[in-house]
Amino acid sequence: MPQKILAGRATDPQLRGDLVQVKVDQVILSRAPSRALAEAIATGMKKTPVEVAVAYDGTCVADASSLADIDEGSPHSVSPEFPTYNIPIARPGIGFPAPVHLERFAAPARLALTDDPRLATVGGIGMLSLVVSPSQLGQALATGSAWLRPPRSVQIHLSGRVRPFVCARDVALELLRRNLDEVVRRIEGEHHAPVILEFAGPSARLLSVGDRAVLCGIAPQVGAAAALFVSDEKTEVFLRDQRRSKAHRALVPDPGAPCEEVVSIDLGTVDPLLMDEEGVVRPVRDLAGKPVAQVVLGGDSGVTLRDMLAAALLLKSKRVPSRLDLLVAPPSRQVLEVLAQSGALVDLVATGARIVEPDRRVVTSEIYPPPPGGLSLRTADPEPRIAGAPSFVVASAETLAYAVATGSVGDPRSFKRPVRVTVPRALPTDDVLILRDKKGEQVSTKKPPPAPAAVPWKGPLTLDVLAGVPKGNGRAAVGARGRKAAAPAEPAEPAAPAAPVAPIVEDDKAQPAPAEGKAAGGVALVLSTLDEVRAVAERATDLSTVRAVVAPFVPSTAVSAFASEGIATFLVGAEALGSIKEQKSVELPAPAQWGDRVAAVFGSERVEVAWLATGMERSWTHAGTVRQPPSAGKPAR
């Protein structure tokens, strides 16, 4: 299915070559909207030619810091001039980007590019959503096309029916427990191509679009580029309920279509599961009886409208225990309205729930973090698990309802009987919080800041070595790429002294300065796990001093995103990580000497590393940007 979507939009329908140019249908801006807009304007964009482009403003709880970000033109802010360029703004309060886009904009058999991995859930409607860097998004906004690696597929065959008190969240956790990440990693290693999960089988067609979205949400956690379901009658009914029936297109795999591997799962064998604070998927009974201090029901993934209604019914006439906080974060404004109209919201409030706004910082635990020393249960998928990040338990809405009813973890099958939930067909679809440019009238005369200047690779370079992910949000620790429009200094040549690099905090210690007489050009991050790679890829625009990433596994989508920011990505064997982490610096030869293998010198140790960039990605890395002159980019036909 992903090959069918790309082939119909590519300049080469056979998808030959390391990268192919494809036409983009939608662009979804969530993590760094202003940076993507600045890149598009630098390319010469007046109005975007893509079918749908939306900028999500996820800062609902405004504070002095968020207001300063808007005033200074932070890459993470959404300024009022977006509609001027044919890019509507989804205003604060409309909901989390992933569920809102699924309801109001996502369309089957289309290609979307985004900077937010959590938007993998839109694959539940049959739309292919791929994560790229803000600079690649800028090119897509300006030209309507992008260069992508042709993907490979892993089929997940679903059979059977789920039992009472087993939700789509439990099925998603079961897939994680079956080490799907190892399958993805092996196929990536063999083909150096993105892996996309395709859900198939008789039971795949029985699931609602909401349940399908929950299953697609696991793609980033296993290193997959995206996930897809078929577009069928269920999809058509969903779009009709959203009053968007014209957006429907059928999408099914061709008979005998090849895939790299098939993973089968019988839904009837799935029990209520949870993911503990260490990221290990276990049966709920393993933690039975453990006291719970916080429950966050809702968020941007892992829960459907049906799940929210079921939890409200299970908790009706119950009371929140004295030592437990129940926070309800409705995924979207539409869900909030349905809960209110059905009376479920009243039941939750009577239980003792606090209704919180759909702020992007809820899912990252920047606000409402897990209480110290207490157990927090949530339905949303976790952010990448790295040292120092808040940790919580992930479980289904019905498991969370049992924890609220009893004050401790337990199997939801202990309830007397399952609830019967009727999801209304008449859904509120008023887009009052979508800000559009009406009749060509400009919303704002304020111009966004210019795109940051590229930092090209020039000659041999000596980089400081840092093991792991920098602490904090990256802006204070290693500088903010694009927070101000000033051009960064070019990397120093070996014969010239370099300006000192801002220290990066790791374990509360600043990294030592490079050896005397060697040119310092930035930082090389040595990463051990997929979660560390994901965390750095999501914050690449903030890490202005990072010039190289070294890891035993880097997904192809992350390689391309790093290359577009001028960050070189190298593959190294797991057995060499230990010694590399102990070194203080790494010396890299001049880019002209780079090939498939690069001779790097970590301290006094020479290590052959594999350069993962391919095709045009290598020129992006050396140039420090994917940006093209205004006259160079033309949309694919």
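Numbering of residues starts from 1 in each chain and follows the order in which that chain's sequence is written. Only residues with pLDDT of 70 or above have their local features reported here, since the model is predicted, and side-chain atom pairs are shown and tallied only from 80 upward, although totals for entire chains, interfaces and linings are computed over all residues. Working from all heavy atoms in the structure, the side-chain values ignore hydrogens and water.

Here's the deal with the sheet that holds strand S5 (residues 111-114)
Strand order in the open sheet formed by six strands is S6-S5-S2-S3-S4-S19, and the pairing between neighbours is mixed. For this open sheet the edge positions go to strand S6 (128-131) and strand S19 (434-435), each flanked by a neighbour on one side alone. Two strands pair under a simple rule: DSSP has to find at least two bridges between them. Think of it this way: any DSSP run of H or I at least four residues long counts as a helix, any run of E at least two long counts as a strand, and we number them from the N terminus. Across four bridges, S5 lies against S6 in parallel orientation. Opposite alanine 112, over in S6, you have serine 129 as the bridge partner.

Observations concerning the pattern of salt bridges
What makes a salt bridge here is a side-chain nitrogen of Lys or Arg within 4 Å of a carboxyl oxygen of Asp or Glu, nothing more. Under the defined criterion, the tally for this structure stands at 37 salt bridges. The partner of arginine 212 in a salt bridge is aspartate 232, and the shortest N-O contact between them spans 3.1 Å. Taken together, the positions of arginine 212 in helix H8 (residues 209-216) and aspartate 232 in the loop between strand S10 (226-228) and helix H9 (233-241) put the pair 20 residues apart, joining distant regions of the chain. Accessibility expressed as a relative area gives 0% for arginine 212, which makes it buried. For arginine 425, the salt bridge identified is with aspartate 241, shortest N-O distance 2.9 Å. Linking arginine 425 in the loop between helix H14 (397-406) and S19 with aspartate 241 in helix H9, this pair joins segments that are 184 residues apart in sequence. What you see here is one network of salt bridges that share partners, running through Arg31, Asp116, Arg118, Asp300, Glu383 and Glu538. Type-normalised accessible area, obtained with a 1.4 Å probe on protein chains alone, sets the label of each residue: buried when under 20%, exposed when over 50%, and partly exposed for intermediate values.

What about the packing of aromatic side chains?
Remark: the centre distance and the inter-plane angle together describe each pair of aromatic rings, the angle taken between the planes. Between the rings of Phe, Tyr and Trp (Trp by its six-membered ring), a pair exists once the centres lie within 6.5 Å; its type follows the angle of the planes, with under 30 degrees stacked, over 60 edge-to-face, and the other angles tilted. Scanning all chains against the criterion turns up six aromatic pairs. Taking the centre distance of 4.5 Å and the plane angle of 0° together, the rings of phenylalanine 199 and phenylalanine 229 count as stacked. Here the residue phenylalanine 199 occupies a position in strand S9 (residues 195-200), and phenylalanine 229 occupies one in the loop between S10 and H9, the gap between them amounting to 30 residues. Assigned by exposure class, phenylalanine 199 and phenylalanine 229 land together as buried. Between tyrosine 402 and phenylalanine 415, the ring centres sit 5.5 Å apart and the planes meet at 80°, which makes this aromatic pair edge-to-face. Of the two residues, tyrosine 402 sits in helix H14 while phenylalanine 415 sits in the loop between H14 and S19, which places them 13 residues apart along the sequence. For the pair formed by tyrosine 402 and phenylalanine 415, the shared burial category is buried.

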